[in-house]
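Per-entry structural report
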Amino acid sequence: MFKIGDVEINNRVVLAPMAGVCNVAFRLTVKEFGAGLVCAEMISDKALLFGNEKTKRMLYIDENEHPMSLQIFGGEKETLVEAAKYVDENTSADIIDINMGCPVSKIIRCEAGARWLLDPEKIYDMVNAVVQNVSKPVTVKMRIGWDSAHIYAVENARMAEKAGAAAITMHGRTREQMYEGQADWEIIRQVKAAVDIPVIGNGDVTSPELAQKMLDETGVDAVMIGREALGNPWMIYRTVHYLETGELIGEPDLKEKMDVLKLHMDRLIDLKGEKVALMEMRKHASWYMKNIKGNGRIRKGINQSETRSQLVEVLDEFVAEHQANNTELIV
Ligand SMILES: Cc1cc2nc3c(=O)[nH]c(=O)nc-3n(C[C@H](O)[C@H](O)[C@H](O)COP(=O)(O)O)c2cc1C
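Rules of the game
- Residues numbered from 1 in each chain as written.
- Predicted model: local features only at pLDDT ≥ 70, side-chain atom pairs only at ≥ 80, totals over all residues.
- Heavy atoms only, no water.
- Helix = DSSP H or I, 4+ residues; strand = E, 2+ residues; numbered from the N terminus.
- Buried < 20%, exposed > 50% of the residue type's maximum accessible area, 1.4 Å probe, protein only.
- Contact = heavy atoms within 4.5 Å.
- Areas by Shrake-Rupley, 256 points an atom, 1.4 Å probe, with all protein chains shown as cover.
- Lys, Arg positive; Asp, Glu negative; His and termini not counted.
- Charge placed at Lys NZ, Arg CZ, Asp CG, Glu CD.
- Expected span 1.5 Å × (residues − 1).
- Pairing = 2+ DSSP bridges.
- Right-handed = clockwise from strand over helix to strand, strands pointing away.
- Near = heavy atom within 4 Å.
- Polar contact = N/O pair within 3.5 Å; in protein donor to acceptor, adjacent residues only side chain to side chain.
- Nonpolar A, V, L, I, M, F, W, Y, C, P; charged D, E, K, R; others polar.
- Salt bridge = Lys/Arg side-chain N within 4 Å of Asp/Glu carboxyl O.
- Domains from an automatic or database assignment.
- Buried area = accessible area lost by both parts, 1.4 Å probe.

1. Comments concerning the overall build of the protein
- The helix and strand tally for the protein stands at 14 helices and 11 strands.
- By principal-axis analysis of the C-alpha atoms, the protein measures approximately 60 × 45 × 35 Å.
- A burial count over the protein gives 57% of its 331 residues as buried.
- Considering only contacts within the protein whose residues lie at least 6 apart along the sequence, 69% involve residues at least 24 apart.
- Put simply, the protein shows about 14500 Å² of open surface, and 46% of that area lies on carbon and sulfur atoms.
- Here the protein contributes 40 positive and 50 negative side-chain charges, whose respective centroids are spaced 4 Å apart.

2. Some thoughts on helix 6 (residues 120–133)
- Between its first and last C-alpha, helix 6 extends 20 Å over 14 residues, near the 20 Å set by a 1.5 Å rise per residue.
- Within helix 6, burial applies to P120, K122, I123, M126, V127, N128, A129 and V130.
- Those residues of helix 6 hidden inside the fold are in contact with helix 4 (77–90), strand 7 (95–100), strand 8 (138–145) and helix 7 (153–162).

3. Observations regarding the pairing of strand 7
- Burial analysis of strand 7 places six of its six residues in the buried class, which makes it a mostly covered element.
- What you see with strand 7 is no split at all: I95, D97 and N99 on one side and I96, I98 and M100 on the other are buried throughout.
- The pairing of strand 6 (residues 68–73) with strand 7 spans four bridges and is classified as parallel. When the bridges of strand 7 are listed, S69 appears paired with I95.
- Regarding topology, helix 4 serves as the crossover connection from strand 6 to the parallel strand 7, and that connection is right-handed.

4. Examining the site of the ligand
- Surveying the vicinity of the ligand reveals 16 residues, the closest of which are A19, Q71, K141, N202 and R227.
- Between the ligand and M42, the relevant distance is 3.2 Å, taken from an oxygen atom to a main-chain nitrogen or oxygen of the residue.
- Between R227 and the ligand, the recorded distance is 2.7 Å, taken from a side-chain N or O atom to an oxygen atom.
- By residue class, the composition of the shell around the ligand is seven nonpolar, six polar and three charged.

5. Some thoughts on the pattern of salt bridges
- Here the structure, examined in full by the defined rule, presents 17 salt bridges.
- With a shortest N-O distance of 3.8 Å, E111 and R115 are connected by a salt bridge.
- Residue E111 is classed as partly exposed on the basis of its relative accessible area of 38%.
- Of the charged contacts in the structure, one is a salt bridge between R238 and E251, with a shortest N-O distance of 3.5 Å. Here R238 is found in helix 10 (residues 234–245), whereas its partner E251 is found in the loop between helix 10 and helix 11 (254–272), with 13 residues between them in sequence.
- By relative accessible area, R238 is classed as buried at 11%.
- Three or more residues joined by partner-sharing salt bridges are found here, namely R173, D204 and R227.

6. Points about the domain arrangement of the protein
- According to the domain assignment, the protein contains domain 1 (2–245) and domain 2 (254–325).
- Each of domain 1 and domain 2 has a C-alpha centre, and the two are 29 Å apart.
- Contact residues are listed per partner, giving 15 residues for domain 1 and 14 residues for domain 2.
- When the buried area of domain 1 at its contact with domain 2 is split by residue, A25, G231 and W234 rank highest and sum to 36% of it.

And the structure:
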């Protein structure tokens, strides 16, 4: 267990914020698989303040997902502070996280996301302004630097701490790396050693054993898991269990995978309506189906399903076929 401000996190496994993925439907599902903390997809400060309806819906939080963290991004102090105040006063989020890692050009052009990594003074100024204006704990999620020539991870983390951040998540890649190459855990170790607030390590935790390795090698308080959890909430459950007991639980069978996919879909339908949910489920379904033998056969069926019942039929047929042939699950 560790604490972020006064928020107790009861284990060391955190679901990463992922745009287009970490809405309440996915967060709740991952929470049920034991995540200590779940993080919501990033929200634009300006879109929130302009009253954009879609953005406001992104603020919806279920009572069963606490503790949860809501992430905002922006490039200007005034709007960032106003958006943080809005989240502070109008949502039940436990933690407000500031995005300092998004590498996408559209975000960088707005002086937001990873742009800050080049300017430790700005980090201090912006984080301090937010901290002074809200009552919830404020955390930051950053990358180690802009590129290999500009790695200010330790300095940036110290600035965030000095500004009053309650915790830091460090993704061990630069902005230039985007999602390529290996995450640098040595720099994460240096950051943990340099600050007194909790540090969550992130990048390339793709198995329960690697989660333990990151904890051992870097000393971080918790690990954050992103891509490996896509279509795979079992990754969270297996990691929590492994860290607590040293025992490695096997992968789920196909029926269990499809049952959770359906649960996820039903939550997404509740959130966004059947039409939008079914469109969005295409990418999730392809993640749930990853590494399953014969998955190519039903790709078309999945992508053409426009209603819940159509998708359920495709999935049930696939499960029945597998059971009849007693097929191995993994490719
Ligand atoms: C589809 C996708 C969306 C993401 N969206 C966000 C986001 O909204 N906010 C953020 O801070 N990071 C975002 N990230 C980065 C992840 O939170 C995480 O830092 C990164 O994937 C590295 O962790 P991993 O190696 O476990 O995937 C996103 C990553 C992916 C793959």
